[in-house]
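Summary of structural features
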Amino acid sequence: QVQLVESGGGLVQAGGSLRLSCAASGSIFSIDTMGWYRQAPGQQRELVAVITSGGSTDYADSVKGRFTISSDNAKNTVDLQMNSLKPEDTAVYYCNAQFRIFRASPSRDSWGPGTQVTVSS
């Protein structure tokens, strides 16, 4: 079993910044990718940013230039620095990890419980 614990959500004014953190623990041999997704009320969950164990990153077009994802492979953590926040960034943000429990095992998926980010105008 792998657990993801998120922290850092909250309420911020438009133009402000927040930093989300996520730590993975449990039966982990390796993590292939870690990422952040978000879901606004009435909308589908969408990718915000993802980072591979090799450091490659990908971002949603809506957050490019404002958000930065980083990770610490030794600690199994991932952070999301969010700058220039907009009201449309308001959502529940979920941490995701794709991991293996031993070298030859298939990749598995784990999600955190989510953390609320609210951006006021």
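Residues numbered from 1 in each chain as written. Predicted model: local features only at pLDDT ≥ 70, side-chain atom pairs only at ≥ 80, totals over all residues. Heavy atoms only, no water.

1. Observations regarding the state of the cysteines
What counts is decided by this rule: Throughout, a disulfide means two cysteine sulfur atoms within 2.5 Å of one another. Strands here mean DSSP runs of E at least two residues long; helices mean DSSP runs of H or I at least four residues long; both are numbered from the N terminus. We call a residue buried when its accessible area falls under 20% of the maximum for its residue type, exposed when it is over 50%, and partly exposed in between, using a 1.4 Å probe and counting protein chains only.
Counting across every chain of the model gives one disulfide. Between the sulfur atoms of C22 and its disulfide mate C95 the distance is 2.1 Å. Between C22 and C95, the S-S torsion sits near -85 degrees, and that sign places the bridge as left-handed. Remark: C95 occurs in strand β9 (residues 91-100) and C22 occurs in strand β3 (residues 18-26); sequence separation between them is 73 residues. Here the two residues C22 and C95 agree in accessibility, since each one is buried.

2. Section: the side chain of R66
Defined as follows: Whenever two N or O atoms come within 3.5 Å, that pair is a polar contact, provided that in protein one can donate a hydrogen and the other can accept it, and provided that, for residues adjacent in sequence, both atoms are side-chain atoms. Here, residues are in contact when the closest pair of their heavy atoms is within 4.5 Å.
For R66, the position within the fold is in the loop between β6 (57-59) and β7 (67-72). Residue R66 is classed as buried on the basis of its relative accessible area, which comes to 10%. For R66, the side chain forms a polar contact with the main-chain oxygen of S84, separated by 2.9 Å. At 2.7 Å, the side chain of R66 and the side chain of D89 are in polar contact. Not counting residues within four places of it along the chain, the set of residues in contact with R66 comprises Q81, M82, N83, S84, L85, K86 and D89.

3. Brief notes about the sheet that holds strand β1 (residues 2-7)
We count it as follows: Two strands are counted as paired when DSSP detects at least two bridges linking them. Note on definitions: angles span 0 to 180 degrees between N-to-C directions of axes, and those axes are lines fitted to C-alpha atoms, for helices only across the stretch in contact.
Taken in spatial order, the four strands make up an open sheet running β1-β3-β8-β7, and their pairing is antiparallel. With partners counted over all chains shown, the strands left at the sheet margins are β1 and β7, one partner each. Between one strand axis and the next, the sheet turns by 15 degrees as a mean value, whatever way the strands run. In terms of strand pairing, β3 meets strand β8 (residues 77-82) through six bridges, oriented antiparallel. Within the sheet, the bridge partner assigned to L20 lies in β8 and is L80.

4. Details of the pattern of salt bridges
Keep this limit in mind: A side-chain nitrogen of Lys or Arg and a carboxyl oxygen of Asp or Glu constitute a salt bridge if their distance falls within 4 Å.
Using the criterion set out here, one finds six salt bridges in the structure. Residues R19 and D79 are paired through a salt bridge, measuring 3.2 Å at the closest nitrogen-oxygen approach. With a gap of 60 residues between them, R19 in strand β3 and D79 in strand β8 connect regions that are remote in the sequence. Take R19: its relative accessible area is 41%, and that puts it in the partly exposed class. R38 is paired through a salt bridge with E46; the nearest N and O atoms lie 2.7 Å apart.

5. A word on the packing of aromatic side chains
Put simply, the test is: The rule is short: rings of Phe, Tyr and Trp, with Trp giving its six-membered ring, pair when the centres are within 6.5 Å, and they are stacked under 30 degrees, edge-to-face over 60, tilted in between. Each ring is checked for a lysine NZ or an arginine CZ that lies within 6 Å of its centre and within 35 degrees of its normal; such an atom marks a charge sitting over the ring.
The final tally for this structure, using the stated rule, is one aromatic pair. Between Y37 and W111 the ring centres are 5.0 Å apart and the planes differ by 65 degrees, which places this aromatic pair in the edge-to-face class. Note that Y37 is positioned in strand β4 (residues 30-39) and W111 in strand β10 (residues 108-111), a separation of 74 residues in sequence. A relative accessible area of 21% places Y37 in the partly exposed class. One Lys or Arg, R45, reaches over the ring of Y94 and ends 3.7 Å from the middle of that ring. A cation over an aromatic ring shows up here: R45 above the ring of W111, its NZ or CZ 4.7 Å from the ring centre.

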